[in-house]
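# Structural overview for review
Read off the chains here:
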Amino acid sequence: MTIELLFRLLGSLALLIYGMKTMSDALQKMTGPSLRHVLARMTGNRFSGMLTGTMVTCAVQSSSATTVMTVSFVSAGLLTLAQAISVIMGANIGTTLTAWIMSLGYNLDLTAVVFPAFLVGMVLIYKKRHRVAGDFLFGIAFLFWSLVMLSSVGRDMDLAHNEDVVNFFASFDTSSYFTILAFLIAGTIITCIVQSSAAVMAITILLCSTGVLPIYMGIALVMGENIGTTATANLAALGAGTEARRAALAHLLFNLFGVIWVLAVFYPFVNMVCHIVGYDPAATGEAARIPVVLAMFHTCFNILNTALLIGFIPQMERIVCKLLPIKNLEAELPTTLHFISRGVIQTPEIAVLQAQKEIVHYAERIHRMFGMVCAIIDEKDKKELEGQYARIERYETIADNMEMEIADYLEQVGKQHLSDDTKDKTRVILRQIGELESIGDACYKIARTVNHLRENKEDFTTEQYVKLHDMLRLVNESVVQMIVVVSGRRKDLSLADSLAIEHDINELRNQLRRETVEGVNSHQYSYALGTFYNDIIYDCEKIGDYVMNIVEARLGRRLLCYNGLELNLDKKTAIVDGNPVSLTPTEFALLHLLLANRGKVLSRQQLMDTIWEGVIVTERTVNVNITRLRKKLGPYAQNIVSRTGFGYVFEE
């Protein structure tokens, strides 16, 4: 074999692997959300699970993708182990479609299809709206082109007339089980190394179709591929939980069992498959039928193996549970993340789903932290207070770590080629984890304030405690409603409940601030005590703001609120105490900028550069528009305050 032919062979195989991956990735992006729901909902019994696995694998053209997806679902608690085993059985049947596509590529000249597919695919890729469809066409074009080139390489290599190659394969006794086992092991090892059963299948078809590799040895390689392809899921599950590793192990045991029983009846079984296709193993020639024989064997092997084992799924479940028991240490130690397993390779859709489930877990943990804060406020015993404060400190560290772990995980997901929808979901989740971490910080600040209060040997009055409990109750309601929103379906939810609670929190905050000023002025309590009290009230109100940000991010609606003043940033509308207000685009932009930076003085030049970017205006233009805006804001006009000689600020 010349160097040129070697590079053509390796290049064709590389193109085959790339084409399969591109096509599979594009199919997963096009059908990702629907496949996710299919896997989660259509696995009620072993037969529906098997059919689901078959259908999904045919759709994405990758049994590894389906298996890893299934392992991810087991890790996320969406599928039971028994359901996962039935899906994996179906995936083994679905992957046989790939072998039939490859046999078609060897028997037909697909050049006429390849280049039009490249042309249409390029056009679709440049039309961003249809980019994924373009990727799919590119993938399938690369796949067919690689098969055409492999067929050409096989003819140019002319292995049938290469004495060294012919003598090498002729030295093996096809009637010996040792030969069959040797090629089976070789097929397993090669597939584990290249992580592509399609590439090994292509090599097998190439060698068999040239006549140098007897069909029995070729089928032994195909059997090895069935074992080797399980390595992907098992490697992916190494860093995952026990349930995920069990699902991956079940995949290996399923294929191992199939290989064992086929070996027991190897020659009669192969002869039966050859008879179905009309191929005589003892005859020479008929090379065109060999790819069909290999595809037929692959199909018969997986269908019969599934038929034999589908009734024994409970027994398989018990076996893998015994082989991989849950260690006591694993059961006792709490984990920071419950649904994200770094060892499991996911498609972007599955990764986003698991991250969303992790958000629910994160929110529930933050809710428990807030419960500890409510408890520490009433705690008078020094020792108990120290213990509770230490727990809150630990939870604050956990909250920080969870934010970073989820963010790092999504960063890894973001390195893949994502659809626009998946990118939007990722941005929403990143915003949610940032706000959840801020709630954790606010809870920790309240705990520190209480700790400082006790160190100063001060305590709130009975009336202050009553009002404080009212505020804590409202904030707790907002956090509970937030959990309802992040764990529910968006179409079944609305902002109304969260907005009502947020409005009550803001009203109570304003009331308590006024009462605190009056209490200090009337010497009911010290200025220092009033400061501690205001700090807690402020942090409670901030928690309400963070909650609203999470709810808005989840429901896909952006609002900017201050008491009864509400700006809808999507629709560019304003509401004052429940009544819509008509604002010009310039007035809306001014109010948005001031409200978003409330408490911060913005110079007239800053306002001009932002609102009238690229347009020459004077300070008088700013003043006129501010005056008009004030007239429309009713009671909130007084919040827009002029700073003489400088600019404007929205004061709270």
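The coordinates are above.
Residues numbered from 1 in each chain as written. Predicted model: local features only at pLDDT ≥ 70, side-chain atom pairs only at ≥ 80, totals over all residues. Heavy atoms only, no water.

### Notes on the overall build of the protein chain
The secondary structure content of the protein chain amounts to 26 helices and seven strands. Per-residue burial over the protein chain gives 52% buried out of 652 residues. Relative to all contacts within the protein chain whose residues are 6 or more apart in sequence, the contacts with residues 24 or more apart total 76%. For the protein chain, the exposed area adds up to about 29900 Å²; of that, 59% sits on carbon and sulfur atoms. (Helix = DSSP H or I, 4+ residues; strand = E, 2+ residues; numbered from the N terminus. Buried < 20%, exposed > 50% of the residue type's maximum accessible area, 1.4 Å probe, protein only. Contact = heavy atoms within 4.5 Å. Areas by Shrake-Rupley, 256 points an atom, 1.4 Å probe, with all protein chains shown as cover.)

### As for helix α9 (residues 177-194)
Between its first and last C-alpha atoms α9 spans 26 Å; for 18 residues at 1.5 Å apiece the expected length is 26 Å, and the two agree. When we look at burial in α9, the residues that qualify are Thr179, Ile180, Phe183, Leu184, Gly187, Thr188 and Thr191. Two to three positions downstream of the cap, the backbone nitrogen of Phe178 sits 3.2 Å from a side-chain oxygen, assigning the N-cap of α9 to Ser176. (Expected span 1.5 Å × (residues − 1). Polar contact = N/O pair within 3.5 Å; in protein donor to acceptor, adjacent residues only side chain to side chain.)

### Observations regarding the pattern of salt bridges
Within this structure, the stated rule accounts for nine salt bridges. Of the charged contacts in the structure, one is a salt bridge between Asp459 and Arg454, with a shortest N-O distance of 3.4 Å. Classification of Arg454 by relative accessible area gives buried; the value is 16%. We note a salt bridge from Lys632 to Glu587, for which the minimum N-O separation is 2.8 Å. Residue Lys632 is found in helix α26 (residues 619-632), and its partner Glu587 is found in helix α24 (residues 585-596); the two are separated by 45 residues along the sequence. Salt bridges here are not isolated pairs; linked through shared partners, they connect Lys380, Arg454 and Asp459. (Salt bridge = Lys/Arg side-chain N within 4 Å of Asp/Glu carboxyl O.)

### Considerations on the packing of α9 against helix α11 (residues 215-228)
In contact at an axis separation of 7 Å, α9 and α11 are set at 45° when each is read in the N-to-C sense. Relative to α11, the element α9 lies oblique. The crossing of α9 and α11 is right-handed. Judged by residue contacts, Thr179, Ile180, Phe183, Leu184, Ala186, Gly187, Thr188, Thr191 and Cys192 of α9 engage Tyr216, Met217, Ala220, Leu221, Met223, Gly224, Glu225, Ile227 and Gly228 from α11. In the contact of α9 with α11, the residues fall into 11 nonpolar, six polar and one charged. (Axes fitted to C-alpha atoms, helices over the stretch in contact; angles between N-to-C directions. Parallel < 35°, antiparallel > 145°, perpendicular 65-115°, else oblique. Left-handed = near helix turned anticlockwise from the far one by under 90°. Nonpolar A, V, L, I, M, F, W, Y, C, P; charged D, E, K, R; others polar.)

### Section: the sheet that holds strand β7 (residues 647-650)
If you walk across this open sheet you meet the three strands as β5-β7-β6, and the pairing is antiparallel. Lying at the two open borders of the sheet, with one neighbouring strand each, are β5 (602-603) and β6 (640-643). Bridge count between β6 and β7: four bridges; the pairing is antiparallel. Residue pairing in the sheet places Val641 in a bridge with Val649 of β7. Strands in contact with α24 are β5, β6 and β7; relative to β7, the strand with the most contacts, it is inclined by about 65°. (Pairing = 2+ DSSP bridges.)

### Quick notes on the environment of Val114
Note that Val114 resides in helix α6 (residues 111-126). The spacing of Val114 and Val148 is 34 residues in sequence and 9.6 Å in space, taken between C-alpha atoms. Apart from residues lying up to four places away in sequence, Val114 is in contact with Ala141, Phe144 and Trp145.

### Structural notes on the side chain of Glu502
Note on placement: Glu502 falls in helix α22 (residues 496-521). No salt bridge is formed by the buried Glu502, whose closest oppositely charged neighbour, Arg598, lies at an N-O distance of 6.3 Å. Sequence-distant contacts of Glu502, defined by excluding residues within four places in its chain, comprise Glu541, Gly544, Asp545 and Met548. (Lys, Arg positive; Asp, Glu negative; His and termini not counted.)

### Let's talk about the pairing of β7
As judged from the two bridges shared by β5 and β7, these two strands associate in the antiparallel manner. Pairing of Leu602 across the sheet is with Tyr648, part of β7. The antiparallel hairpin formed by β6 and β7 contains three residues in its connecting segment, where Gly645 sits at a positive phi of about 80°.

### A word on the nonpolar core
Counting residues in hydrophobic clusters, the biggest one holds 70 residues, and the most contacted among them are Ile377, Leu436, Ile439, Phe460, Met482 and Ile543. Elements with a contribution of two residues or more to this core: α18 (348-378), α19 (382-414), α20 (420-455), α21 (462-487), α22 and α23 (527-555). Among the elements that make up this core, the one with the highest residue count is α18 (14 residues). Counting residues in hydrophobic clusters, the runner-up holds 62 residues, among them Phe169, Phe183, Leu184 and Ile205. (Core = buried A, V, L, I, M, F, W, Y, C linked by side-chain atoms within 4.5 Å.)

### Comments concerning the pairing of strand β2 (residues 565-568)
Burial along β2 is two-sided: Leu565 and Leu567 and Glu566 and Asn568, pointing in opposite directions, are all buried. Judged from the four bridges that link them, β2 and strand β3 (residues 573-576) form a sheet pairing that is antiparallel. Bridge pairing links Asn568 to Thr573 in β3. The loop that links β2 with its antiparallel partner β3 comprises four residues; one of these, Lys572, has a positive phi angle of about 60°.

### Section: the environment of Ser48
The residue Ser48 is located in helix α2 (residues 46-60) in this model. Separated by 42 residues in sequence, Ser48 and Gly90 place their C-alpha atoms 9.3 Å apart.

### Focus on the packing of aromatic side chains
Under the counting rule described, the total for this entry stands at 13 aromatic pairs. Residues Phe118 and Phe138 carry aromatic rings whose centres are separated by 5.3 Å and whose planes lie at 80° to one another, so their mutual orientation is edge-to-face. Here Phe118, found in helix α6, pairs with Phe138, found in helix α7 (residues 131-157); they are 20 residues apart in sequence, far enough to count as distant. No difference in accessibility class separates Phe118 from Phe138, as the two residues are buried. With 6.0 Å between their ring centres and 25° between their planes, Phe297 and Phe301 make a pair best called stacked. Taken as a pair, Phe297 and Phe301 lie in helix α15 (residues 290-309) at a separation of four residues, close to a single helical turn. Counting every residue linked through ring pairs, the aromatic cluster contains Tyr177, Tyr216, Phe266 and Tyr267. For Arg365, the ring lying beneath its charged end belongs to Tyr395, and the centroid distance is 5.9 Å. (Phe/Tyr/Trp six-rings, centres within 6.5 Å; stacked < 30°, edge-to-face > 60°. Lys NZ or Arg CZ within 6 Å of the ring centre and 35° of its normal.)

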